Amino acid sequence: MGYIEKNLMEGEQKIHEARQHWIIYWKPFLLLLIAIGLFAIPTKDMALLMQICMSLVLIFVASIWAINIYGGRKYVLTNRRIILKRGILRRQSTDLVLRRCEGVSISQSVFGRIFGYGDVDVSTGEVTNHFQHIENPVRFSTLINQQIAQNVVTATDL
């Protein structure tokens, strides 16, 4: 059981977990390709040892870079709030109560529209939370708006 599941309130249900798009890893992937490309250069003896060492260093740097980019991020929409969790070793969590959410906006670049990612901003009046490089941001935004509308209806019924 993960952090999100452990911290759900009574009666709260997980609706959707948004993921970051794979495009966020393009720079570490490029570094990995360079590391693999080093083996395409024919060499012997000491130069081969240097190639292996450089490739291993580049692979290590690409791995650390990818882990840092990922950062243990989770974006979860429940029937009561939006939870943003960051961190692998050190955890940071932000909760947005859906009753207080006023608006949701999406921004997508040309590449974002082509590859299916974008940024989603959720505002609560005084604070705007930014969810970067979300896979299928339109669906995430629609689900957030549906939950906001359901919470408004539930609150007025009381």
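A quick note: this is a predicted structure, and the numbers were derived from the prediction, not measured.

### A short note on helix α2 (residues 26-37)
With 12 residues, α2 extends 16 Å between its outermost C-alpha atoms, agreeing within 8% with the 16 Å of an ideal straight helix rising 1.5 Å per residue. The inward-facing, buried residues of α2 contact α3 (45-70).

### As for the nonpolar core
If you look at the biggest cluster of nonpolar residues, it comprises 16 residues, and the most contacted ones within it are Ile 82, Val 122, Phe 131, Phe 140 and Ile 144. Secondary-structure elements contributing two or more residues to this core are β2 (74-78), β3 (81-86), β6 (117-123), β7 (128-135) and α5 (137-157). Residue contributions to this core peak at 4 residues, all from α5. If we ignore the near neighbours within four places in the chain, the residues touching Phe 131 are Tyr 75, Ile 82, Leu 84, Leu 96, Gly 118, Asp 119, Val 120, Val 122 and Phe 140. Judged by nonpolar contacts, the second largest core, of 5 residues, contains Ala 35, Leu 38, Leu 58 and Ala 62.

### Considering the sheet that holds β7
Strand order in the open sheet formed by 3 strands is β5-β6-β7, and the pairing between neighbours is antiparallel. Since the sheet does not close on itself, it has two edges, and those belong to β5 (103-107) and β7, each with one partner. Across the sheet, the mean angle from the axis of one strand to that of its neighbour is 20°, orientation sign disregarded. In terms of strand pairing, β6 meets β7 through 6 bridges, oriented antiparallel. When the sheet's bridge partners are listed, Val 122 is paired in β7 with Asn 129.

### Some details on the environment of Cys 53
Among the secondary structure elements, Cys 53 is positioned in helix α3. A relative accessible area of 39% means that Cys 53 is categorised as partly exposed. When the C-alpha atoms of Cys 53 and Glu 5 are compared, they prove to be 42 Å apart, with 48 residues separating the residues in sequence.

### Thoughts on the environment of Val 120
Its location among the elements puts Val 120 in strand β6. Take Val 120: its relative accessible area is 0%, and that puts it in the buried class. Considering only alpha carbons, one finds Val 120 and Gln 108, 12 residues apart in sequence, at a separation of 8.9 Å. Excluding anything up to four places from it in sequence, Val 120 contacts Val 104, Ser 105, Asn 129, His 130, Phe 131, Ile 134, Pro 137, Phe 140 and Ile 144.

Thresholds, definitions, all that
- Throughout this description, residue numbers start from 1 for each chain and increase along the sequence as written.
- Reporting in this predicted model follows two pLDDT cut-offs: at least 70 for local features of residues, and 80 or more for side-chain atom pairs to be given and counted; totals over whole chains, interfaces and linings ignore these cut-offs and use all residues.
- Hydrogens are left out, water is left out, and the side-chain values use all remaining heavy atoms of the structure.
- Only DSSP runs of H or I reaching four residues or more are called helices, and only runs of E reaching two or more are called strands; each is numbered from the N terminus.
- Expected helix span is taken as 1.5 Å per residue step, with the number of steps being one fewer than the number of residues.
- Note on definitions: a residue-residue contact is assigned when non-hydrogen atoms from the two residues lie within 4.5 Å.
- To qualify as a nonpolar core, a set must consist of buried Ala, Val, Leu, Ile, Met, Phe, Trp, Tyr and Cys residues joined through side-chain atoms within 4.5 Å.
- Buried, partly exposed and exposed residues are distinguished by accessible area as a fraction of the type maximum, computed with a 1.4 Å probe on protein chains only: under 20%, between the cut-offs, and over 50%, respectively.
- Two strands qualify as a pair provided DSSP detects at least 2 bridges between them.
- Simply put, an axis is a line fit to the C-alpha atoms, just over the touching stretch for a helix, and the angle between two N-to-C directions goes from 0 to 180 degrees.

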